[in-house]
Amino acid sequence: EALDKIYELTHGQPYLVQLIGFVLVRRYNDQVFELGSDRDPVFTVKDVEAIINDTDFFKRGRYYFHGVWSQAKQGAKGQQAILQVLAPHPQGLSYHSAIAEVSKKGFDEKNLEEAIKTLQRHDVVEETQGRLSIIVELFRRWLVQQM
């Protein structure tokens, strides 16, 4: 269950998977060896949620989050605007709603379609059943915190 949760949050992005594993082990070592707590050595969904809800987690992952955000500034115009429109919607938005929202910010629809294709090529955004969403849940949450 904990592994499923980690995949749900990271979509398998190696940097984030490794970061979660590192923080889980560090937390476990602190609990067992520093605090003397008696706990099961198997990580749970509750353990995963505890570390990602800690404000330090997103600071530790800043290289990944800032890297993806910076990359979205390069190339096709409107990538960052698309991400900002999608971020508040964990279940995504319809393709047409997303385009309409970003168009209100002064972006041309043709450019936005290219921006979406670029984000899809970089595995940042996916379209499933006509809905656009941010693939990596932790990145989506980080974006919401930045807004």
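Just so it is clear, the structure is predicted and the values come from calculations on it, not from any experiment.

Draft legend 1. Quick look at the environment of A2. Mapping A2 onto the fold places it in helix α1 (residues 2-10). Distance in space between the C-alpha atoms of A2 and V48 is 6.7 Å, their sequence separation being 46 residues. The contacts of A2, once residues within four sequence positions are left out, are F43, T44, V45 and V48.

Draft legend 2. Up close: the sheet that holds strand β1 (residues 93-94). Strand order in the open sheet formed by 3 strands is β1-β3-β2, and the pairing between neighbours is antiparallel. What marks the edges here is a single partner per strand, and that holds for β1 and β2 (125-128). Sheet topology note: the β1/strand β3 (residues 131-134) ladder contains 2 bridges and is antiparallel. Within β3, the position partnered with S94 by the bridge is R131. This element, helix α8 (residues 109-121), spans β2 and β3 of the sheet and lies at about 105 degrees to β2.

Calculation notes
Residues numbered from 1 in each chain as written. Predicted model: local features only at pLDDT ≥ 70, side-chain atom pairs only at ≥ 80, totals over all residues. Heavy atoms only, no water. Helix = DSSP H or I, 4+ residues; strand = E, 2+ residues; numbered from the N terminus. Contact = heavy atoms within 4.5 Å. Pairing = 2+ DSSP bridges. Axes fitted to C-alpha atoms, helices over the stretch in contact; angles between N-to-C directions.

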